[in-house]
Amino acid sequence: MTTIVEIDDLKKVYDGGFEALKGVSLDIREGEILALLGPNGAGKTTLISTVCGITNATSGSVRVGGHDIVTDFRAARAMIGLVPQEISLEPFETVIRAVRYSRGLFGCKRDDAHIEKVLRDLSLWDKRNAKTMELSGGMKRRVLIAKALSHQPRVLFLDEPTAGVDVELRRDMWKVVAELKASGVTIILTTHYIEEAEAIADRVGVIAKGELLLIEEKTALMARMGRKTLDIELTDPVETIPASLSGYELEIVQDGAALRYSYDTNADRTGITKLLSDLSGAGLQMSDLQTRQSSLEEIFVDLVADNGKEEAA
Amino acid sequence: MNLRAVGAIYKVEMARFFRTLAQSFISPVISTSLYFVVFGTAIGSRIDQVEGISYGAFIVPGLIMLTVMTQGISNASFGIYFPKFIGTFYELLSAPINFLEIVVGFAGAAATKALFIGLVILATSAFFVDLTILHPMAMLAFLVLTCISFSLFGFIIGIWARNFEQLQLIPLLVVTPLVFLGGSFYSISMLPPFWQGVSFFNPVVYLISGFRWAFFGTSDVPIGLSLLAIAGFTTLCLAIVWWIFRTGWRIRT
Ligand SMILES: Nc1ncnc2c1ncn2[C@@H]1O[C@H](COP(=O)(O)OP(=O)(O)OP(=O)(O)O)[C@@H](O)[C@H]1O
Ligand SMILES: [Mg+2]
């Protein structure tokens with residue numbers, strides 16, 4: 001698999017002396033969808049801004065399609081489309097002219113067929129002659145996406161594309177992202193919605209305090225770090241956990257109608273067989289069993305919390 | 001050179017101008033007419049002639065310069081400040097264009113507008129006074145150069161400004177006084193000797209004097225000096241623009 005964006009030991013210290021990126025190295029593979037997760041102020045936007053030429057790196061290097069973003073900025077930037085986190089549009093300009101303008105800025109010849117396709121894909125065609133200030137927030141965000149796609153980029157950065165977007169529209173956007181991926185575009189998106197990363201990403205990176213804590217295949221990540229829970233529904237509710245079961249990691253849920261057992265999917269033994277036999281030994285009868293895998297969200301919260309603890313220590 | 005990008009910027013900027021064409025057109029026409037009524041007719045009836053030229057005609061070059069300079073500055077400074085203000089500047093920074101192309105697009109459009117308005121004033125003036133232009137090519141060259149250099153200057157102000165107050169500050173505090181004291185409505189030779197001396201430190205004097213020479217063949221300072229002044233000012237602005245480009249001053253964090 002070829003690497004399309006190579007970020008090497010990227011550091012960014014803002015003028016006030018704040019170190020927003022503390023040496024991030026990251027290879028982004030051609031054609032993948034990479035989700036960057038991280039709490040507010042982690043450095044996600046700073047990372048994207050530096051790659052896209054909005055912020056100057058303090059040190060380190062970035063190559064896009066083999067082109068250095070400083071010495072060969074034209075070739076590098078021509079490959080990139082950027083949807084910024086903040087919605088900002090020229091208020092008096094119409095949608096279609098705003099999108100054409102972006103294409104012009106990237107030095108591409110006017111191509112009305114392509115612009116029409118982009119606007120149709122984003123359900124903006126009907127609004128093409130509306131002034132951007134007359135659009136709703138979700139529409140404005142789609143105009144930003146249309147602008148970013150106007151010059152047919154090979155790498156697309158989406159900085160929180162679905163913030164403040166309703167559920168239906170979010171699914172539409174996922175569809176657009178999936179189509180772009182199918183056409184070979186590499187997509188890097190930041191998000192606070194873990195289910196978004198879970199739904200569409202191939203790989204997930206976690207950033208906190210200017211450091212890339214982890215980058216991994218989504219499925220591997222979930223398998224590696226995933227914990228499962230087993231809910232044992234009881235025919236007769238209990239109020240306390242029987243003493244004979246105190247050796248297990250159990251909690252009472254559903255007002256005593258069920259016991260929840262947590263276990264690590266990677267452990268050699270899950271302990272389930274023994275637990276079940278001990279249950280009947282304690283005189284409890286089960287009516288049903290349910291397992292549930294922990295989501296990325298839980299993994300993410302754990303990871304960032306652990307990182308905080310390490311720093312404090 | 002990414003000419004398409006320059007063209008795109010230029011077109012959008014000009015579109016803004018044409019959207020408000022009536023305003024762009026009417027306000028200079030009205031203000032010029034007012035100047036002629038107040039200065040040309042009321043005062044002119046008492047001054048009669050300056051250096052052998054009727055006062056009404058004498059103020060035409062100064063009036064054009066005054067408008068062209070302030071228009072160039074305000075158009076260019078607003079043009080580049082606006083995207084910074086509303087946040088669309090990111091697009092210029094992330095596009096495969098360099099700063100020079102951004103300057104050419106914005107300052108070029110601002111200079112075009114200023115030139116257009118300058119010509120409108122010239123045409124309006126012809127309704128009020130008899131005008132003969134001795135050196136039309138020189139006149140045009142001076143006009144175009146002034147439009148360009150003051151648009152560059154406005155561009156710098158727009159990059160520098162952090163808020164709307166700052167955007168107004170330099171034009172209001174520096175440029176307007178310099179232009180008014182630069183001999184727009186009088187000949188420097190009409191001043192007492194001390195103020196004549198002071199005037200020669202005002203760069204605008206050289207521009208207006210040179211421009212007036214192109215009309216009437218008379219000037220406060222030698223035409224060579226005027227040329228030097230406008231060339232010097234343009235070079236200075238270009239140097240500052242180049243420095244901004246090198247350092248990313250107030251552009252890239
Ligand atoms: N222009 C700037 N000058 C100084 N500090 C800045 C600047 N921009 C960002 N920072 C700081 O850098 C850190 C990282 O900011 P960044 O915007 O990259 O975070 P983020 O991960 O995108 O957060 P969010 O999820 O809230 O968008 C923050 O502490 C922020 O205050
Ligand atoms: Mg951000």
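Residues numbered from 1 in each chain as written. Chains lettered and ligands numbered in written order. Predicted model: local features only at pLDDT ≥ 70, side-chain atom pairs only at ≥ 80, totals over all residues. Heavy atoms only, no water.

**Overview of the overall build of chain B**
Selection criterion: A run of H or I in DSSP counts as a helix once it spans at least four residues, and a run of E counts as a strand once it spans at least two, with each numbered from the N terminus. The atom set for the radius of gyration is the C-alpha atoms, and the globule formula is 2.2 Å times the number of residues raised to the power 0.38. Buried, partly exposed and exposed residues are distinguished by accessible area as a fraction of the type maximum, computed with a 1.4 Å probe on protein chains only: under 20%, between the cut-offs, and over 50%, respectively. Areas reported as accessible are Shrake-Rupley estimates using a 1.4 Å probe. Residue values count occlusion only from the protein chains shown. Charge counting follows a simple rule: Lys and Arg are positive, Asp and Glu are negative, and His as well as the terminal groups are ignored. Charged groups are reduced to one reference atom each: NZ for lysine, CZ for arginine, CG for aspartic acid, CD for glutamic acid.
A count of helical and extended segments in chain B gives 10 helices and two strands. Secondary structure elements of chain B, listed N to C terminal, follow the sequence α-α-β-β-α-α-α-α-α-α-α-α. Relative to the 2.2 N^0.38 estimate, which gives 18 Å for 253 residues, the radius of gyration of chain B is 19 Å and therefore close to what a compact globule would have. Along the longest, intermediate and shortest principal axes, the C-alpha atoms of chain B span 60 × 40 × 35 Å. Counting only residues that meet the buried cut, chain B has 50% of its 253 residues in that class. As displayed, chain B has an accessible area near 11100 Å², and 72% of this comes from carbon and sulfur atoms. For chain B, the distance from the average site of its 12 positive side-chain charges to the average site of its 8 negative ones is 14 Å.

**With respect to the sheet that holds strand E9 (residues 203-208) of chain A**
Residues and elements named next belong to chain A. As a reminder of what qualifies: Think of it this way: DSSP has to see at least two bridges between two strands before they count as a pair. Axes here mean lines fitted to C-alpha atoms, for a helix over just the part in contact, with angles spanning 0 to 180 degrees between N-to-C directions. Note on contacts: a residue pair qualifies if any of its non-hydrogen atoms lie within 4.5 Å across the two residues.
Taken in spatial order, the six strands of this open sheet run E6-E7-E8-E3-E9-E10, and their pairing is mixed. A single partner strand is all that each edge strand has here, and the edge strands are strand E6 (80-83) and strand E10 (211-217). Each strand of the sheet is rotated relative to its neighbour by a mean of 15°, with strand direction disregarded. Pairing of strand E3 (residues 33-37) with E9, which is carried by four bridges, proceeds in the parallel orientation. Bridge pairing in E9 links Ala35 to Val204. Sitting on the sheet, helix H1 (residues 44-52) touches E3, E6, strand E7 (155-159), strand E8 (186-190) and E9, and the angle it makes with E7 is about 150°. Its contacts with the sheet place helix H6 (residues 167-182) against E3, E7 and E8, and it is angled at close to 150° to E8.

**Topic: the site of ligand 1**
All names here are of chain A. As a reminder of what qualifies: For this purpose, a residue is taken to be near a molecule or strand whenever a single non-hydrogen atom of the residue falls within 4 Å of it. Here a polar contact is recorded for every N or O atom pair within 3.5 Å, except that within protein the pair must consist of a potential hydrogen donor and a potential acceptor, and residues adjacent in sequence are included only if both atoms are side-chain atoms.
Surveying the vicinity of ligand 1 reveals 15 residues, the closest of which are Asn40, Gly41, Lys44, Thr45 and Thr46. Between ligand 1 and the protein, one listed contact pairs a nitrogen atom with a side-chain N or O atom of Tyr14 at 3.3 Å. The contact in question runs from an oxygen atom of ligand 1 to an N or O atom on the backbone of Gly41, over 2.8 Å. In the complex, 66% of the free accessible area of ligand 1, which totals 630 Å², lies under the protein chains. No other element matches the three residues that H1 contributes to the shell around ligand 1.

**Thoughts on the interface of chain A and chain B**
In plain terms, the rule: When two components associate, each loses some accessible surface as probed by a 1.4 Å sphere; the sum of these losses over both components is called the buried area. What makes a salt bridge here is a side-chain nitrogen of Lys or Arg within 4 Å of a carboxyl oxygen of Asp or Glu, nothing more. Under the convention adopted here, Pro, Cys and the residues Ala, Val, Leu, Ile, Met, Phe, Trp and Tyr are nonpolar, Asp, Glu, Lys and Arg are charged, and Gly plus all remaining residues are polar.
If you look at the interface, chain A gives 30 residues, while chain B gives 25 residues. Summed over both partners, the interface of chain A with chain B comes to about 2500 Å²; 54% of that surface belongs to carbon and sulfur atoms. Considering only the side of chain A, the residues that lose the most area to chain B are Arg74(A), Tyr101(A) and Leu105(A), jointly responsible for 25% of the buried surface there. Counting every contact that joins chain A to chain B gives four salt bridges. One salt bridge connects Glu101(B) with Arg74(A), and the closest N-O pair in it is separated by 3.0 Å. The interface formed by chain A and chain B contains 11 residue pairs in polar contact (both at pLDDT 80 or more). Those elements giving two or more residues to the side of chain A that touches chain B turn out to be helix H2 (73-78), helix H3 (95-105) and helix H5 (137-149) of chain A. No other element matches H3(A), which puts five residues into the side of chain A that touches chain B. Residues belonging to the side of chain A that touches chain B are distributed by class as follows: 15 nonpolar, seven polar and eight charged.

**Concerning the UniProt feature "domain: ABC transmembrane type-2" (unreviewed entry) in chain B**
Where we set the bar: UniProt positions are given in the numbering used here, feature names are shortened, and annotations may be inferred rather than shown by experiment.
When the UniProt feature table is mapped onto this chain numbering, "domain: ABC transmembrane type-2" (unreviewed entry) sits at residues 19-248 of chain B. The span residues 19-248 of chain B shows a helical share of 80% and a strand share of 2%, and its end C-alpha atoms are spaced 32 Å apart.

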